[in-house]
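Spelled out from the first residue to the last, the chains are:
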Amino acid sequence: MQYGGLSHRLVRFANSLVGHFTGGTSIVCIMACTFFAAISGSSIATTAAIGGMMYPELKKYGYPDDYAAMLPAVGGVLGIVIPPSVTFIVYGTTTGVSVGQLLLSGVVPGVLGGLVLCVLCWYFAKKRHYPKGEHFSAKEVVLSTKSALAALVMPLIIMGGIYSGIFTPTESAAVATAYGLVATKLFYREMDWQLFKKVVRETTRTTANIMVLVMSAACFSWLLTINNIPELLTGILLDVIHSKATFLVGVVCLLTFLGMFMDVSTIILIIAPLLVPTANYFNIDPVHFGLIFVFTLAIGQATPPFGACLFVSCSMSGHGVMHLGGKAVPFVCALLAVVVVTCFIPQLATFLPEVMSVAV
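These notes cover the structure that comes with them. Since we're looking at a predicted model, the values are computed, not measured.

## A few points about the side chain of S43
Then step 1. Mapped onto the secondary structure, S43 falls in helix 3 (residues 43–60).
Then step 2. Relative accessible area serves as the criterion here: at 1%, S43 is assigned to the buried category.
Then step 3. Of note is the side chain of S43, whose polar atom sits 3.3 Å from the backbone oxygen of V77.
Then step 4. Aside from chain neighbours lying at most four places away, what touches S43 is G76, V77, G79, I80, Q301 and C309.

## Structural notes on helix 8 (residues 138–152)
Then step 1. Most pronounced at K146, the bend in helix 8 amounts to some 40°.
Then step 2. Those residues of helix 8 that are buried are in contact with helix 1 (6–18), helix 2 (24–40), helix 9 (154–163) and helix 10 (169–187).

## Some thoughts on the environment of A14
Then step 1. Within the element layout of this structure, A14 appears in helix 1.
Then step 2. When the C-alpha positions of A14 and G114 are compared, they lie 13 Å apart, and in sequence the two are 100 residues distant.
Then step 3. Once residues lying within four places of it in the same chain are set aside, the contact partners of A14 are G19, V28, M31, A32 and F35.

## Brief notes about the nonpolar core
Then step 1. Core analysis: the biggest nonpolar cluster contains 108 residues, and Y67, L71, Y91, F247, F289, F293 and F331 have the highest contact counts within it.
Then step 2. At 11 residues, the largest contribution of residues to this core is made by helix 14 (residues 264–281).

## Side note on the pattern of salt bridges
Then step 1. What the rule picks out here adds up to five salt bridges.
Then step 2. Between E190 and R9 there is a salt bridge, with the nearest N and O atoms lying 3.1 Å from each other. One end of the pair, E190, is in the loop between helix 10 and helix 11 (193–226); the other, R9, is in helix 1, with 181 residues separating them in the sequence.
Then step 3. For E190, a relative accessible area of 33% puts it in the partly exposed group.
Then step 4. Among the residues examined, R9 registers a relative accessible area of 13% and is labelled buried.

Cut-offs applied
- Residues numbered from 1 in each chain as written.
- Predicted model: local features only at pLDDT ≥ 70, side-chain atom pairs only at ≥ 80, totals over all residues.
- Heavy atoms only, no water.
- Helix = DSSP H or I, 4+ residues; strand = E, 2+ residues; numbered from the N terminus.
- Buried < 20%, exposed > 50% of the residue type's maximum accessible area, 1.4 Å probe, protein only.
- Polar contact = N/O pair within 3.5 Å; in protein donor to acceptor, adjacent residues only side chain to side chain.
- Contact = heavy atoms within 4.5 Å.
- Bend = angle between axes of the 7 residues up to and from the residue.
- Core = buried A, V, L, I, M, F, W, Y, C linked by side-chain atoms within 4.5 Å.
- Salt bridge = Lys/Arg side-chain N within 4 Å of Asp/Glu carboxyl O.

Encoded structure:
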């Protein structure tokens, strides 16, 4: 879907809705990232697909070069929060938490994060006198919706299939891939044989990297288990931390720091089994804790010195990762505020999973 003509249709759809507001082009960038997040399941893919289009567009409308490069990086964070999410599947598989419920837990906090970023874009546009986009057109809304419809229904197919029992979360990946191939070949007509071979090569390389990580982390987890490290760490934490709120804030601080230096999947495979027992001790809902864990790690992808989304934006713009990371600070803080709010209002994460469980 990243290479098959999806991104520019989503950008056009977002632009038809909010392009006429103050700072409309920057808001379009965040909205397009949010839409693409609901399809790709990957922060890096979201930043690359939307950033490749929006970076030159933002520059054309007079936005500063570094600001234009930074926005897709912070918007891309939502790629692993809003379902479908590869990272939720890794977390659920590692900890034994329901993947379906984890996926739904990301909907409200993910959309809330997107709205907060849009408000911040509007604020900076107002303060710095960034230009408005084109005038609102109902006809363009209709045409852009029709053009993007095949992409917009994809999350409904995935989540609907999971919760209707037609297929499992793992099988949904195959369904999404098949649907994506049909959409890009038959609906959009932008997928040819050469492009398809490129997609297969990149997928093979990515999968191989992940499997090496999983294998190594499994060995490391086995060593930790036979040496009773999780129990020992839990005991140490309980000696220092005496409340649920303190534990959750401590986890957010720890994961924010780790996310600046380590890969998301690696942190999940190594750290999650160590922290989950303590979360259980404090009677924290496992779905709620999983959302906090993944959302916090997602933010790390937009923080220097090793934020993956920042590196994607650096490759587009030529700016250094520390420079873009500095520009991203207000947006990163805003997203962390959403995580902290979710810590103290667990219903933001658990409402949809509970409703869907009752419905099923």
